[in-house]
Each structure stands twice: as C-alpha cells, then as structure tokens.
Amino acid sequence: MERTVQKTPPSLPWYREVSGTQWKSFFAAWIGYVLDGFDFVLITLVLTEISDDFGLSTVQAASLVSGAFITRWLGGAVLGALGDRYGRKLSMVVSILLYSLGTFACGFAWNYHSLFAARLAIGMGMAGEYSASATYVMESWPSRLRSRASGFLISGFSVGSVLAAQVYNWVVPSLGWRWMFYLGLIPIAVALWMRRALPEAEEWATNVADRGAKPNPFRPLFRTLRSAVANTVLVVAATLSLFMVFTPSGEGLVPVLSVVAGLSLLAFAVQLGGRRSWLLYVSMIVTLFFAFLYSWPIQALLPTYLKSDLGYSTDQVTDVLYFAGFGTMVGCWTAGFLGDRIGAKKAYALTLLASLAFVYPVFAVHDNLLLLGCLLFLLQATSFGISGLLPRWIGGHFPTASRGAALGFTYNVGALGGAVAPVLGAHLASGMDLGRALAVLTFAGTVIVVALVGFDVPARLNRLVDPEAVADHLAAPAQEPAPEPRTERVTP
C-alpha cells in the first residue's frame, strides 16, 4: 500500500518576507538615521577645534555634547505624541527638519552660549527622529523580523559616524570646523522626499488611522486647568534645571538642580504611565539612563582621548573611529539576527556581558593603532552595537496608540545618562587619566544594565501593578482597541 507524503513548501529566505514597499520604508528611515548619526557625532570630532577658538575648559567642551540631551526628553515626548496622533511619517519629517536646521545654525555660532543653544534644537529633533523612525520601521515590517528591523535601522547611526569621520578628515584641515555644520542642510532634501514618497506605517494605519482614532498621550497632563498649569510649571522647571546643571551658570547648585529636574521628570512619568503603567515608565527610564551611562563616555570623549592623551594625529583619529563605527555597525546587524532568534531581552543581556572582556584592554593600548582598532571594534560591536535592539525591546512594552510618545519619552529621559556621561568622565579625569575614567564608567554602567535587562526588571515591576500586562506588543500583529474613536462604525 502506497503512502502519500505531503511535502511542506520551502520557506522563503527572510529578506523575501519583506515586501518592496517595506524595504523602501526601511531605507528611507535608515537614511534619516545615517544623517542623524552624522550630525550628532560632528560635535565630538570638532570639540578640540571649538575649544581652541572659544577658549573652553574641558568641562565646558563636554557640556556641548550634553547640550543636545537637555531637550531630548521634551522633543521625544512631543514629536512621539505627534506620531501617535497624526502618523509616524509626519513625525519623522518634522524631526529631520528640526535637527538639520539646528546643525546648520551651529556653523554660525559666535561663542559658547550660541553654540549651546543650537545644540538644544538638535537634541529635540534627534529625539523625535529616534522614536519616529524606530516605530515607523517596526510597525511596517513582519512581526517575526522586528529585531532585525531594529538592529539594521540603528546601524545607520554608525554609518553616519563613520561618514562624519571621513568628512572631518577632508573638510576641517582645509576649511575649518564651521563647514562641517553647514552640511546640516543636506537632510532637508531627504525629509521633503520622505514626505512625498513614503506610505504610512502599516500597523499604525490599521490600529489607529483606519479606525478613526485620535490618540492623545498627553491627556493625563492637561485633564484639568490645575493640572495643566502645574505641568507647564514642571516643564519650565525641568528644562531650566537641566540647562543650569550642564552649563557653568548652575555652578554650586548642581545637586539641588538635579533633584528638581529628576522629580519633575518623575512626575511626568507617573502621570503618563497612569495607574497601571507608571512603574513601567519609571523603571524603563532608570534602565535606559544606565544604558547611556555605559555607552556615551566612549562615544563623546573618545576623539578627545585619542588626541589629547595618546597624541594621535587627525588621520590616526579618523582611522580609529572607522574601527569603532564599523564595530558598532556589525554589532547592530548581528543583534538583529540574534534578537529574532533568542529574543531581544536575552540577546541584549548576554552580548553586553561579553563586552566586559574588552573594556579595560581598549584603554591599556597606547602605541599600537591596529591593536587598539581591533579591540575597539570588538567592544563597540558587543557594547554599543547591541543597543540596536533597544527600539525593539522598549517598543514591545507599549501599545501602538501610545508607542511613539512612550518610547520617545522614556528613551530620551533615560538619555540624560548620555548628558551626564561626558561631564562625569571629564570630572573623573581630573583625579585620574581620561582613559581610566572612561573604562571605569563603561564597565560599571554595563554591569548594571546587564542586571536590569537580564532579570527583566521593568516588566517584572510592571506586573506588580498590572498583572494582565501584555508581555510583548510587537510580538505579533494584533488588532488593538482604538482609543478615542471619533465615529462609531457599524459593520453590515
């Protein structure tokens, strides 16, 4: 008796599961990230030239890196909410325009304060770009490939940093540091093309736009006149406090101002999260704060360390930054595949744990550029590169209708760790050499993040107040309840 065997059709390669339109959406957002990385890294490359022109101290110079972080919390929340209400595409375009104009303005700065003000605009735009592009791509791609989408997308930042290093080598020696910032106008053309050519993110369109919803993530902040006035005061208090903390104007008052800013942002987190999610918002912010604290000392002060402590030339600094940039890029790509295979949380924690083996060796090498480059490649691949999974990991904690504002707010409040990192590194360097200070900060911050992510602390705490919380909103395409319906639809 003959038995019929049913053959299962061969599965498609993963890249064939992504449609042409989805690839187009990805590359548009990826280009935005390339330009984002280019614009942001500029300040670290020309920090020594700016310091010489304006006569800045090490702490003042480091605060210019921090300046972009001061307004990130506000830009991430506002532009994220814009994406929740009106679409991810519009939020991306507005974000790119904002950071492009801020970068262009840096080229016209006449002193420390004018340059710092332009950095504030850059911070707002980049915060919006992170949440808008990340949600746009992940909500456009198939659910099982969203770690890949996240990792590939964030790799654009590294491409931008490598490109910036090369342009620095071409432009600064002959034209000066200001011309690096004049290139900030280029992304505007990309933004205008995006506005005309791209479709909206599929998941947002299905769960929000097609159902007539108009989400308003800020509603809890302005529910009554009293709460609206109180929260407006908190916005001013947080912004002014952060400004004074990271500029010389707050000298002597930093502890008090830090407490004021921290309590103000904590109040926003509790209100935005509401009774069921406030603990998730707070714990996510703490985790992300340490994620920036481990990664940004090197991102912000590596060129300064190479030039001042090791005496490297411009060409040698560029070569080392190539190793670092490509390491981060490879790490982001690898993180995407690993995250889809074993889960974003597990991939993030295990790879970070492996990065600890490279932290101190990087700063023990002084006169061997090739060895330093190889070690830095491995460190950045396993440390900064794995942060390519952050949009996927964070976004999975929040539903579609509030994901933009929630991701934008928590990520960018946590990003204040990146503002603290270079200033803290500069202060530590007053008692030890800069390389050792960077190693200490990187190692300690990494250990803390491994514990917080590896033990799933934000999700565990969230379940204490909301036992029925969805484990992962990005795990599969779900039809979510539409908030604030404008009209009632009747199905025949």
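Residues numbered from 1 in each chain as written. Predicted model: local features only at pLDDT ≥ 70, side-chain atom pairs only at ≥ 80, totals over all residues. Heavy atoms only, no water.

Notes on the overall build of the protein
Counting secondary structure elements, the protein contains 20 helices and zero strands. Over its C-alpha trace the protein gives a radius of gyration of 22 Å, about what one expects of a compact globule, namely 23 Å for 492 residues. Looking at the protein as a whole, 56% of its 492 residues are labelled buried. Total accessible area computed for the protein in this model is approximately 20,400 Å², and 66% of it derives from carbon and sulfur atoms. Counting 33 positive and 28 negative side-chain charges, the protein places the averaged centre of each group 9 Å from the other. (Helix = DSSP H or I, 4+ residues; strand = E, 2+ residues; numbered from the N terminus. Rg over C-alpha atoms; globule rule 2.2 N^0.38 Å. Buried < 20%, exposed > 50% of the residue type's maximum accessible area, 1.4 Å probe, protein only. Areas by Shrake-Rupley, 256 points an atom, 1.4 Å probe, with all protein chains shown as cover. Lys, Arg positive; Asp, Glu negative; His and termini not counted. Charge placed at Lys NZ, Arg CZ, Asp CG, Glu CD.)

Quick notes on the confidence of the model for the protein
Of the residues in the protein, 94% reach a pLDDT of 70 or more, and the chain-wide mean stands at 84. Of all the helices and strands in the protein, helix H9 (residues 186-197) carries the lowest mean pLDDT, 73, while helix H14 (residues 344-362) carries the highest, 93. Low pLDDT, under 50, characterises residues 1-9; the stretch is placed with zero contacts to residues that sit more than four places away or in other chains. Low pLDDT, under 50, characterises residues 478-492; the stretch is placed with 33 contacts to residues that sit more than four places away or in other chains. (pLDDT = per-residue confidence, 0-100. Contact = heavy atoms within 4.5 Å.)

Here's the deal with helix H18 (residues 416-428)
The periodicity of an α-helix, 3.6 residues per turn, causes residues three or four positions apart to be oriented the same way. For H18, built from 13 residues, the straight-helix expectation of 18 Å at 1.5 Å per residue is met to within 8% by its first-to-last C-alpha distance of 18 Å. For H18, every residue scored as buried is listed here: Leu-416, Gly-417, Gly-418, Ala-419, Ala-421, Pro-422, Val-423, Gly-425 and Ala-426. In this structure, the buried side of H18 is in contact with helix H3 (58-70), helix H11 (225-245), helix H12 (254-309), helix H17 (400-414) and helix H19 (434-454). (Expected span 1.5 Å × (residues − 1).)

Considering the packing of aromatic side chains
This model, assessed by the stated rule, comprises 29 aromatic pairs. Here Phe-54 and Trp-177 contribute two aromatic rings whose centre-to-centre distance is 5.9 Å and whose plane-to-plane angle is 85°, an arrangement assigned as edge-to-face. One end of the pair, Phe-54, is in helix H2 (residues 47-54); the other, Trp-177, is in the loop between helix H7 (146-175) and helix H8 (178-182), with 123 residues separating them in the sequence. Between the aromatic rings of Tyr-322 and Phe-326, the centroid separation amounts to 6.5 Å while the plane-to-plane angle is 40°, which identifies the pairing as tilted. (Phe/Tyr/Trp six-rings, centres within 6.5 Å; stacked < 30°, edge-to-face > 60°.)

Remarks on the side chain of Ser-95
Take Ser-95: it is sitting in helix H5 (residues 88-106). Other than its neighbours up to four places away in sequence, Ser-95 contacts Leu-79, Gly-125, Gly-128 and Glu-129.

As for the pattern of salt bridges
In this structure the tally under the stated criterion is 11 salt bridges. Of the charged contacts in the structure, one is a salt bridge between Arg-148 and Asp-340, with a shortest N-O distance of 2.8 Å. Pair noted here: Arg-148 is in helix H7 and Asp-340 is in helix H13 (residues 314-342), with a separation of 192 residues, a long-range link. A salt bridge links Lys-345 to Asp-456; the shortest N-O distance between them is 3.9 Å. Remark: Asp-456 occurs in the loop between H19 and helix H20 (457-465) and Lys-345 occurs in helix H14; sequence separation between them is 111 residues. Through salt bridges with shared partners, a single network forms among Asp-84, Arg-88, Glu-139, Arg-146, Glu-203 and Arg-403. (Salt bridge = Lys/Arg side-chain N within 4 Å of Asp/Glu carboxyl O.)

As for the environment of Val-94
Among the secondary structure elements, Val-94 is positioned in helix H5. Given the relative accessible area of 31%, Val-94 is considered partly exposed. Expressed as a C-alpha distance, the spacing of Val-94 and Ala-451, which sit 357 residues apart in the sequence, is 36 Å. Not counting residues up to four positions away in its chain, the partners in contact with Val-94 are Leu-79 and Leu-82.

Remarks on the packing of helix H1 (residues 20-45) against H2
Their axes nearest at 5 Å, the elements H1 and H2 cross at an angle of 55°. Judged by the angle between their axes, H1 and H2 are oblique. In this structure, H1 contributes Ile-43, Thr-44 and Leu-45 to the contact, and H2 contributes Leu-47, Glu-49 and Ile-50. (Axes fitted to C-alpha atoms, helices over the stretch in contact; angles between N-to-C directions. Parallel < 35°, antiparallel > 145°, perpendicular 65-115°, else oblique.)

Structural notes on the side chain of Thr-103
Its location among the elements puts Thr-103 in helix H5. On the accessibility criterion, Thr-103 (0% relative accessible area) is buried. Separated by 2.9 Å, the side chain of Thr-103 and the backbone oxygen of Tyr-99 make a polar contact. In contact with Thr-103, not counting residues within four places along its chain, are Asp-39, Leu-42, Ile-122, Phe-181 and Gly-184. (Polar contact = N/O pair within 3.5 Å; in protein donor to acceptor, adjacent residues only side chain to side chain.)

Here's the deal with the state of the cysteines
Taken as a whole and assessed by the stated rule, the structure comprises zero disulfides. Residue Cys-332 stays outside any disulfide, its sulfur separated by 19 Å from that of Cys-374, the closest cysteine. Residue class for Cys-374 comes out partly exposed when judged on its relative accessible area of 37%. (Disulfide = S-S within 2.5 Å.)

Points about the packing of helix H4 (residues 72-86) against H5
H5 packs onto H4 with a crossing angle of 150° between their chain directions and a minimal axis gap of 7 Å. By the angle between their directions, the pair H4 and H5 is classed as roughly antiparallel. Across the interface between the two elements, Leu-79, Gly-80, Leu-82, Gly-83, Asp-84 and Tyr-86 of H4 pack against Arg-88, Leu-90, Ser-91, Val-94 and Ser-95 of H5.

Points about a nonpolar patch on the surface
Together, Val-259, Leu-263, Leu-266, Val-270 and Trp-278 make up a nonpolar patch on the protein surface, roughly 420 Å² of accessible area in all. The residue Trp-278 is located in helix H12 in this model. Assessed through its relative accessible area of 32%, Trp-278 is described here as partly exposed. (Patch = residues over 30% accessible without salt bridge, like charges linked within 9 Å, V, L, I, M, F, W, Y side chains within 5 Å.)

Observations regarding the environment of Leu-301
Summarising the element assignment, Leu-301 is placed in helix H12. Separated by 238 residues in sequence, Leu-301 and Ser-63 have C-alpha atoms that sit 11 Å apart. Leu-301 has contacts with Pro-422, Gly-425, Ala-426, Leu-434 and Leu-438, leaving out every residue within four places of it along the chain.

What to know about the environment of Leu-352
With respect to the secondary-structure elements, Leu-352 resides in helix H14. For Leu-352 and Val-447, which are 95 residues apart along the polypeptide, the C-alpha to C-alpha distance reads 8.3 Å. In this structure Leu-352 touches Tyr-294, Thr-382, Ser-383, Ile-386, Thr-446, Val-449 and Val-450, once residues within four positions along its chain are discounted.

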